Amino acid sequence: MDRSRRDEEFREAFPRLHERAYQAAFRLLGDRAAAEDVAQEALTRAYVHWTRLDERREGWVVTTAVNIVVDG
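Described in the following lines is the structure provided in the data block. Keep in mind the model is a prediction, meaning the values are calculated, not measured. (Residues numbered from 1 in each chain as written. Predicted model: local features only at pLDDT ≥ 70, side-chain atom pairs only at ≥ 80, totals over all residues. Heavy atoms only, no water.)

A pair of packed helices is characterised by two quantities: the angle between their axes and the separation of those axes. In contact at an axis separation of 9 Å, helix H1 (residues 3-29) and helix H3 (residues 57-71) are set at 40° when each is read in the N-to-C sense. For the pair H1 and H3, the crossing hand works out as right-handed. When H1 is examined against H3, the residues Glu 9, Arg 16, Leu 17, Arg 20, Ala 21, Ala 24, Ala 25, Leu 28 and Leu 29 are found in contact with a partner set consisting of Arg 57, Glu 58, Val 61, Val 62, Ala 65, Val 66 and Val 69. In the contact of H1 with H3, the residues fall into 11 nonpolar, no polar and five charged. (Axes fitted to C-alpha atoms, helices over the stretch in contact; angles between N-to-C directions. Helix = DSSP H or I, 4+ residues; strand = E, 2+ residues; numbered from the N terminus. Left-handed = near helix turned anticlockwise from the far one by under 90°. Contact = heavy atoms within 4.5 Å. Nonpolar A, V, L, I, M, F, W, Y, C, P; charged D, E, K, R; others polar.)

Shown next, in the form of structure tokens:
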């Protein structure tokens, strides 16, 4: 996949994935700012691995957000 296509797919998926990561983090942390930070970190990691995630992107992002909180 070329970079422009990857970037386009990521931009399209970002709002939905960010919301899911934020919700998971907020449920665990109860803090909006901290949950926002976790969601941003999870999406940053997702971007790095984007082409390998394929159909499991949402689950991967949510799991990553939870792991960031737990490992925090």
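Next comes the rest of the account.
The next thing to look at is the pattern of salt bridges. This model, assessed by the stated rule, comprises eight salt bridges. Two residues, Glu 8 and Arg 11, come together in a salt bridge whose shortest N-O distance is 3.9 Å. Of the two residues, Glu 8 and Arg 11 are both situated in helix H1; the distance of three residues between them amounts to about one turn of the helix. A relative accessible area of 40% places Glu 8 in the partly exposed class. (Salt bridge = Lys/Arg side-chain N within 4 Å of Asp/Glu carboxyl O. Buried < 20%, exposed > 50% of the residue type's maximum accessible area, 1.4 Å probe, protein only.)

Our next topic: the nonpolar core. One finds Ala 21, Trp 50 and Val 61 to be the most contacted residues of the largest nonpolar core, which totals 18 residues. Broken down by secondary-structure element, the contributors of at least two residues to this core are H1, helix H2 (32-53) and H3. No other element matches H2, which puts eight residues into this core. (Core = buried A, V, L, I, M, F, W, Y, C linked by side-chain atoms within 4.5 Å.)

We now examine the side chain of Arg 6. Mapped onto the elements, Arg 6 comes out in helix H1. A distance of 2.8 Å separates the side chain of Arg 6 from the side chain of Tyr 47, its partner in a polar contact. (Polar contact = N/O pair within 3.5 Å; in protein donor to acceptor, adjacent residues only side chain to side chain.)

Quick look at H2 now. A rise of 1.5 Å per residue sets the reference length of H2, with its 22 residues, at 32 Å; its end C-alpha atoms lie only 27 Å apart and thus fall more than 12% short of the reference. Tyr 47 marks where H2 bends most, by close to 55°. Regarding H2, the residues found buried are Ala 35, Val 38, Ala 39, Ala 42, Leu 43, Ala 46, Trp 50 and Leu 53. Tucked inside the fold, the buried residues of H2 contact H1 and H3. At the exit of H2 stands Asp 54, carrying a positive phi of roughly 45°. (Expected span 1.5 Å × (residues − 1). Bend = angle between axes of the 7 residues up to and from the residue.)

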